[in-house]
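Read off the chains here:
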Amino acid sequence: MFLLKFLLFVFICGIAVILFIVLGILGVFRKARVQFRNEYTNASRQQSQQTHYEDQEVVIDPRNADERSRKIISEDEGEYVDFV
């Protein structure tokens, strides 16, 4: 009877260890997927921020939309013209 209980305990511990390893591997894949998605999203944003001119020069603005639309001259420093 003792041998059966010991084998059951070893079996349950083995299942727990295997489950722990599988969950760890799934966590690594989940982190890699999130990182890949973030890099893909950032790359697509950078491509959308490129402006092409007639002489084929490319201007890349790495700032986000809020920083790009922010006024760089304060109200008391003269006339500000908003080029859209």
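Residues numbered from 1 in each chain as written. Predicted model: local features only at pLDDT ≥ 70, side-chain atom pairs only at ≥ 80, totals over all residues. Heavy atoms only, no water.

This part takes up the overall build of the chain. For the chain, the helix and strand inventory stands at two helices and two strands. Within the chain, the fraction of its 84 residues that count as buried is 4%. As displayed, the chain has an accessible area near 8400 Å², and 63% of this comes from carbon and sulfur atoms. (Helix = DSSP H or I, 4+ residues; strand = E, 2+ residues; numbered from the N terminus. Buried < 20%, exposed > 50% of the residue type's maximum accessible area, 1.4 Å probe, protein only. Areas by Shrake-Rupley, 256 points an atom, 1.4 Å probe, with all protein chains shown as cover.)

This part covers a nonpolar patch on the surface. Together, Val-17, Ile-18, Leu-19, Phe-20, Ile-21, Val-22, Leu-23, Ile-25, Leu-26 and Phe-29 give the surface a local cluster of nonpolar side chains, amounting to about 1000 Å² of exposed area. Relative to the assigned elements, Leu-19 resides in helix α1 (residues 2-48). (Patch = residues over 30% accessible without salt bridge, like charges linked within 9 Å, V, L, I, M, F, W, Y side chains within 5 Å. Salt bridge = Lys/Arg side-chain N within 4 Å of Asp/Glu carboxyl O.)

Turning to the confidence of the model for the chain, a few remarks are in order. Overall, the prediction assigns the chain a mean pLDDT of 79, with 67% of residues at 70 or greater. Element-level mean pLDDT values for the chain span from 54 in strand β1 (residues 50-52) up to 88 in α1. (pLDDT = per-residue confidence, 0-100.)

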